[in-house]
Amino acid sequence: SKELGRNTYQIYDESMRRKSEQLFFLERDLRKAILKSEFIAHFQPRVNALTGETISAEALIRWEHPVMGLISPGDFIPLAEETGLIIPLGKWMKRKVCEQLVAWRKAGIPLIPISVNISSQRFLQKGFAKDLQNLLDEFQLEGKWLEIEITENSIMKNEEYILQTLRDLKELGVKIYIDDFGTGYSSFNYLKTFNIDGIKIDRSFIQNISSKSENASITTAMIKMAQHLKMDVIAEGVETKEELMYLLEQNCYHIQGYYFGKPCSIEEFEAQFLFQKS
Ligand code: C2E
Ligand code: CA
Ligand code: CA
Ligand code: CA
């Protein structure tokens, strides 16, 4: 009825209003958080499942909100991207990772590469490779200790410019991985053109891989293709023994997922994955 229609509209309107209000406060808090560096980096291991060795780690941001507690990136990265705040956030993370690598080096701990997520906004901005070089120089770090993860949509536009950026990164020794591989729009052509170092197969393909035959065949095809192109393959979101076994059968043994370890604080990461080397 008309009556109901109007009520529905009002409820919708009210929830929209509340939502935009929440976003308003979140953005305000996020701006403050950036000034006060209210963030922490969690590290998640990538393990060579054949040797059990931690070969690298992905740095994942968390926000320590003074009132709301720990906020996961899914709840603020989209807003950060919309408002451009992703740029200072990314800057914070890259610096944080470099500081950590230097701290390990000073403590005599053998380094492993740490991988950071780069928003397409930043990646497509002028001077990305140059800024990264300056950062590495500042910390006197070799490029091989820093890896970057970009999504397919970062390299679908402005081919000439991307090619140059990727060449510059290659020169620095910074490895480039395609994140969430298989979920974006892609003709796989670019993998060859752009000389990508590796792909990360998205968790959505890995989930229930032994029971869902469609996911299994897509994953197998992606692994084969990557191997053919001599790219590294990391399977992401591996949680179960079954999933791991399937991947090992396909010769994919670089694994990131809860099965080997959830993202954790750097202290925990050191204790569990760096000092436990055997
Ligand atoms: P992502 O880059 O695809 O990161 C992997 C996400 O999957 C992480 O979620 C990780 O905790 C989760 N994950 C890993 N293994 C498993 C598993 O076995 N099972 C399940 N259920 N999940 C698993 P997280 O940390 O919440 O990050 C979400 C997304 O936020 C990231 O997805 C990335 O797109 C973005 N993000 C995180 N940190 C940063 C950052 O510093 N910069 C930018 N630009 N984006 C970031
Ligand atoms: Ca990632
Ligand atoms: Ca991913
Ligand atoms: Ca993702």
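In this text, all values refer to a predicted model and were calculated from it rather than measured experimentally. (Residues numbered from 1 in each chain as written. Chains lettered and ligands numbered in written order. Predicted model: local features only at pLDDT ≥ 70, side-chain atom pairs only at ≥ 80, totals over all residues. Heavy atoms only, no water.)

1. Side note on the packing of aromatic side chains
Turning to step 1, where the next piece is worked out: Under the defined criterion, the tally for this structure stands at 12 aromatic pairs.
Turning to step 2, where the next piece is worked out: Measuring from ring centre to ring centre gives 6.0 Å for phenylalanine 43 and tryptophan 104, while their planes differ by 75°; the resulting arrangement is edge-to-face. One end of the pair, phenylalanine 43, is in strand 1 (residues 39–48); the other, tryptophan 104, is in helix 3 (residues 86–106), with 61 residues separating them in the sequence. The two residues phenylalanine 43 and tryptophan 104 agree in class, both being buried. (Phe/Tyr/Trp six-rings, centres within 6.5 Å; stacked < 30°, edge-to-face > 60°. Helix = DSSP H or I, 4+ residues; strand = E, 2+ residues; numbered from the N terminus. Buried < 20%, exposed > 50% of the residue type's maximum accessible area, 1.4 Å probe, protein only.)

2. With respect to the coordination of the calcium ion (ligand 4)
Turning to step 1, where the next piece is worked out: On the protein side, the calcium ion (ligand 4) has Asp180 (OD) and Asp180 (OD) as donor atoms, found 2.7 to 3.0 Å from it.
Turning to step 2, where the next piece is worked out: Taken as an interatomic distance, the gap from the calcium ion (ligand 4) to the calcium ion (ligand 2) is 5.9 Å. (Donors = N, O, S within 2.8 Å, 3.2 Å for Na, K, Ca; no water.)

3. A closer look at the site of ligand 1
Turning to step 1, where the next piece is worked out: Inspection of the region around ligand 1 gives 21 residues, with Arg62, Asn117, Asp179, Glu239 and Tyr258 positioned closest.
Turning to step 2, where the next piece is worked out: A distance of 2.8 Å separates an oxygen atom of ligand 1 from a polar backbone atom of tyrosine 258.
Turning to step 3, where the next piece is worked out: Surface burial for ligand 1 is 81%, taken as the share of its 800 Å² of free accessible area covered by protein chains.
Turning to step 4, where the next piece is worked out: According to the grid-proximity analysis, the pocket containing ligand 1 is the largest pocket.
Turning to step 5, where the next piece is worked out: Those elements that provide at least two residues to the shell around ligand 1 are strand 2 (53–65), helix 3 and strand 6 (175–181).
Turning to step 6, where the next piece is worked out: Of the residues that constitute the shell around ligand 1, the class distribution is nine nonpolar, five polar and seven charged. (Near = heavy atom within 4 Å. Polar contact = N/O pair within 3.5 Å; in protein donor to acceptor, adjacent residues only side chain to side chain. Areas by Shrake-Rupley, 256 points an atom, 1.4 Å probe, with all protein chains shown as cover. 1 Å grid on protein atoms, 1.4 Å probe; cavity = no way out; pocket = protein on both sides within 12 Å on 5 of 7 lines; lining within 4 Å. Sits in = over half its atoms within 2 Å of the grid points. Nonpolar A, V, L, I, M, F, W, Y, C, P; charged D, E, K, R; others polar.)

4. Things to note about the side chain of aspartate 179
Turning to step 1, where the next piece is worked out: Take aspartate 179: it is sitting in strand 6.
Turning to step 2, where the next piece is worked out: With no salt bridge to any partner, buried aspartate 179 finds its closest opposite charge in lysine 200, at an N-O distance of 4.5 Å.
Turning to step 3, where the next piece is worked out: Those residues in contact with aspartate 179 that sit more than four places away from it in its chain are Asn117, Glu149, Ile150, Thr151, Lys200 and Glu236. (Lys, Arg positive; Asp, Glu negative; His and termini not counted. Salt bridge = Lys/Arg side-chain N within 4 Å of Asp/Glu carboxyl O. Contact = heavy atoms within 4.5 Å.)

5. As for the environment of asparagine 158
Turning to step 1, where the next piece is worked out: Positionally, asparagine 158 belongs in the loop between strand 5 (146–151) and helix 6 (159–172).
Turning to step 2, where the next piece is worked out: In this structure, the C-alpha to C-alpha distance between asparagine 158 and leucine 124, residues 34 residues apart in sequence, is 8.5 Å.

6. Some points on the environment of phenylalanine 76
Turning to step 1, where the next piece is worked out: Among the secondary structure elements, phenylalanine 76 is positioned in the loop between strand 3 (69–71) and helix 2 (77–83).
Turning to step 2, where the next piece is worked out: Looking at phenylalanine 76, the relative accessible area reads 0%, which means it is buried.
Turning to step 3, where the next piece is worked out: Phenylalanine 76 sits 14 residues away from arginine 62 along the chain, and the two C-alpha atoms are 9.3 Å apart.
Turning to step 4, where the next piece is worked out: Beyond its immediate sequence surroundings of up to four residues, phenylalanine 76 is in contact with Leu30, Phe39, Ile61, Arg62, Trp63, Ile71 and Leu89.

7. Regarding the confidence of the model for the protein
Turning to step 1, where the next piece is worked out: The share of residues in the protein with pLDDT of 70 or more is 94%, and the mean pLDDT across the chain is 92.
Turning to step 2, where the next piece is worked out: In the predicted assembly, ipTM is 0.98 and pTM is 0.93. (pLDDT = per-residue confidence, 0-100.)

8. Here we look at the nonpolar core
Turning to step 1, where the next piece is worked out: If you look at the biggest cluster of nonpolar residues, it comprises 79 residues, and the most contacted ones within it are Phe43, Trp104, Phe123, Ile148 and Leu169.
Turning to step 2, where the next piece is worked out: Beyond its immediate chain neighbours, meaning those up to four positions away, isoleucine 148 contacts Val116, Ile118, Phe123, Phe128, Leu132, Leu169, Val174, Lys175, Ile176 and Tyr177. (Core = buried A, V, L, I, M, F, W, Y, C linked by side-chain atoms within 4.5 Å.)

9. A word on helix 9 (residues 213–228)
Turning to step 1, where the next piece is worked out: Spanning 16 residues, helix 9 covers 22 Å between terminal C-alpha atoms, matching the ideal 22 Å at 1.5 Å per step.
Turning to step 2, where the next piece is worked out: Elements in contact with the buried residues of helix 9: strand 6, helix 7 (189–193), strand 7 (198–201), helix 8 (203–206), strand 8 (232–236) and helix 10 (241–249).
Turning to step 3, where the next piece is worked out: In the segment just after helix 9, lysine 230 is the residue with positive phi, at about 60°. (Expected span 1.5 Å × (residues − 1).)

10. Structural notes on the pattern of salt bridges
Side-chain pairs of opposite charge can arise whenever the charged atoms involved come near each other.
Turning to step 1, where the next piece is worked out: Scanning all chains against the criterion turns up 14 salt bridges.
Turning to step 2, where the next piece is worked out: Notably, a salt bridge pairs lysine 200 with glutamate 149, separated by 2.8 Å at the nearest N-O pair. Note that lysine 200 is positioned in strand 7 and glutamate 149 in strand 5, a separation of 51 residues in sequence.
Turning to step 3, where the next piece is worked out: The buried category is assigned to glutamate 149, whose relative accessible area is 1%.
Turning to step 4, where the next piece is worked out: Counted as one network, the salt bridges with shared partners bring together Arg46, Glu58, Glu147, Glu149, Lys200 and Glu236.

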